[in-house]
Amino acid sequence: MSKPFMFEKPLGMRDTLPVLYETKNEVKNHILSEIEKWGYRFIETPTLEYYDTVGLASATLDQQLFKLLDSQGRSLVLRPDMTAPIARLVASSLKDQSYPIRLAYQSTVFRAQQHEAGKPAEFDQLGIELLGDGTVSSDGEVISLMISSLEKSGLTSFQVAIGHVGFLKALLLDVVGNEERAEVLRRFLYEKNYVGFKEHVKSLSLSSIDKSRLLDLLKLRGGKEILGVAAEIVQTEDGKKAVAELKELFEVLECYDLAQYVKFDLNIVLHMSYYTGIIFEGYGEKLGVPLSSGGRYDELLEKFNRPAQATGFGIRLDLLVEALGEMSELSPQSCIIFSRERRDEAVRIANEKRNNGEPVVLQDLAGIEDVDLMTEQFDEVLYFIGKPPKGGAIV
Ligand SMILES: N[C@@H](Cc1c[nH]c[nH+]1)C(=O)O
């Protein structure tokens, strides 16, 4: 391998400059205060976790994990999401707190990229987990809070697509008979390769009725009316239960008066394989990829010996900012330029302004490369230059 060029960064790693930083911060603050209003408590967890515990529980493709070794030779990962670390935390440090538990986070997460395709390998996520509650009310709460957070961020045009892992599993297994064959079909859906899905269905040795059940699955996208069709296609008890949950979920979202944001899409397969029930994705109008997603994961906590049902979501701040499409203006600053003889005065005034909450740059004239270029960045410039005026008057 050749040595990297001096300014090169590892694949998918990004710098954040002030305009983007301030824009992200503003958007983030709107969401954080909304999440707080719903009673969620914020936590932080380490950037590094053990591969054998959180790394495996994260249910991400192995090739997307950043792995490294600690000084004892144990395998570590950079956390690929926050759900598995929170499951670990709830089962250990918070093991005495009774369920349900509502936690929130704002963190960077890491997913290694194989190609430089413009995708970041490290990004900010804001999210919540509602642990220890298996009710559809809790699925509804989580989706409603995600919608409300997106609204508060200033996003006006977005939609949430809702699916169900249990429904898909029941239908695929019922038709193709085993998990391995179901997985092939699931893969096509994950890649949203519907043409490939259809071709594959045609090639299977199934009755024409079963083939059309699989092809009808692709039509299960739309308003709540598709749930009636879904109930007809699926024959097993698990499948019917999933449809009943989706119907109840719609009622919950109507209570929150947020049903206008959602549509059902029973073809959704998400990136993380720990999901077990209702899942969802948030789409901004102009963005082809989901900017938020989440769902129910009722079997993850038992991996940490504190079994519980749970659900949650994560919003990707980078994609949300992209969907919003507008950068904030840099916040205004003033500048005080001084010469050595008047440094005292300049520092005193800068302190006064800072104590009043005004951001001030304080700069020695002798340290400036180009005064014109420097001063044009500021809304206001004060000069303390030359001999101090008699009587201590400023400027
Ligand atoms: N951790 C998931 C989002 C999520 C939170 N809770 C449940 N799902 C992700 O990164 O995609």
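Residues numbered from 1 in each chain as written. Predicted model: local features only at pLDDT ≥ 70, side-chain atom pairs only at ≥ 80, totals over all residues. Heavy atoms only, no water.

Within an unreviewed UniProt entry, the label attached to the chain reads ATP phosphoribosyltransferase regulatory subunit, and the organism entered is Alkalihalobacillus trypoxylicola. Looking at the chain in UniProt, the text filed under Subcellular location (unreviewed entry) is "Cytoplasm". The UniProt entry for the chain carries the following comment under Function (unreviewed entry): "Required for the first step of histidine biosynthesis. May allow the feedback regulation of ATP phosphoribosyltransferase activity by histidine." (UniProt positions renumbered as here; feature names shortened; annotations may be inferred.)

A. Broad picture of the sheet that holds strand S8 (residues 221–222). The strand order across the open sheet built from 9 strands is S1-S5-S6-S12-S11-S10-S7-S9-S8, with neighbouring strands paired in mixed fashion. Edge strands, defined here as strands with exactly one partner in the open sheet, are strand S1 (41–42) and S8. Bridging between S1 and strand S5 (residues 101–110) involves 2 bridges; their strand directions are parallel. Pairing of Phe 42 across the sheet is with Ala 104, part of S5. Contacting S5 and strand S6 (122–131), helix H3 (residues 83–91) runs over the sheet at an angle of about 135° to S5. On the sheet, helix H4 (residues 136–152) packs against S5, S6, strand S7 (158–164), strand S9 (262–265), strand S10 (278–284), strand S11 (292–296) and strand S12 (310–316) and is oriented at approximately 15° with respect to S12. (Pairing = 2+ DSSP bridges. Helix = DSSP H or I, 4+ residues; strand = E, 2+ residues; numbered from the N terminus. Contact = heavy atoms within 4.5 Å. Axes fitted to C-alpha atoms, helices over the stretch in contact; angles between N-to-C directions.)

B. Fine view of the packing of aromatic side chains. Tallying each qualifying case throughout the model produces 6 aromatic pairs. Between Phe 250 and Phe 264, the ring centres sit 6.0 Å apart and the planes meet at 45°, which makes this aromatic pair tilted. A residue pair is termed long-range when its members are at least 10 positions apart, and Phe 250 in helix H10 (residues 237–255) and Phe 264 in strand S9 qualify at 14 residues. Both residues of the pair, Phe 250 and Phe 264, belong to the buried class. A network of ring pairs unites the aromatic residues Tyr 274, Tyr 275 and Tyr 297 as a single cluster. Directly above the aromatic system of Phe 123 lies the positively charged group of Arg 316, at a separation of 3.7 Å from the ring centroid. (Phe/Tyr/Trp six-rings, centres within 6.5 Å; stacked < 30°, edge-to-face > 60°. Buried < 20%, exposed > 50% of the residue type's maximum accessible area, 1.4 Å probe, protein only. Lys NZ or Arg CZ within 6 Å of the ring centre and 35° of its normal.)

C. Just the UniProt feature "binding site: L-histidine" (unreviewed entry) in the chain, in detail. When the UniProt feature table is mapped onto this chain numbering, "binding site: L-histidine" (unreviewed entry) sits at Asp 81, Met 82, Thr 83, Arg 111, Gln 125, Glu 129, Tyr 274 and Tyr 275. Mapped onto the elements, Asp 81 comes out in the loop between strand S4 (75–78) and H3. Setting aside anything within four residues of it in sequence, one finds Asp 81 in contact with Ser 58, Val 109, Arg 111, Met 272 and Tyr 274. Of the polar contacts made by the side chain of Asp 81, one reaches the side chain of Ser 58; its length is 3.4 Å. (Polar contact = N/O pair within 3.5 Å; in protein donor to acceptor, adjacent residues only side chain to side chain.)

D. Helix H8 (residues 208–217), seen in detail. Those residues of H8 that fall on the buried side of the exposure criterion are Asp 210, Arg 213, Leu 214 and Leu 217. Looking straight down H8, one finds its buried side chains confined to an arc of 95°; they lie on one side. Opposite the buried face of H8, at more than 90 degrees from it, the exposed residues are Ser 208 and Ile 209. On its buried side, H8 packs onto helix H5 (165–176), helix H6 (179–190), helix H7 (194–203) and helix H9 (226–233). (Arc of directions from axis to C-beta.)

E. Region of the structure containing H4. Here H4 spans 24 Å end to end across 17 residues, near enough to the 24 Å set by a 1.5 Å rise per residue. Among the 17 residues of H4, 14 are classified as buried, and the element is accordingly described as predominantly covered. One or two positions beyond H4, positive phi appears at Gly 154, with a value near 105°. (Expected span 1.5 Å × (residues − 1).)

F. Highlighting the UniProt feature "domain: Aminoacyl-transfer RNA synthetases class-II family profile" (unreviewed entry) in the chain. As recorded in UniProt, the sites labelled "domain: Aminoacyl-transfer RNA synthetases class-II family profile" (unreviewed entry) are residues 36–332. Segment residues 36–332 splits into 38% helix and 22% strand. End C-alpha atoms: 28 Å apart.

G. Structural detail: the nonpolar core. If you look at the biggest cluster of nonpolar residues, it comprises 70 residues, and the most contacted ones within it are Ile 143, Val 160, Ile 162, Phe 167, Phe 197, Leu 214 and Leu 217. Judged by nonpolar contacts, the second largest core, of 30 residues, contains Ala 59, Met 82, Ala 84 and Ala 161. (Core = buried A, V, L, I, M, F, W, Y, C linked by side-chain atoms within 4.5 Å.)

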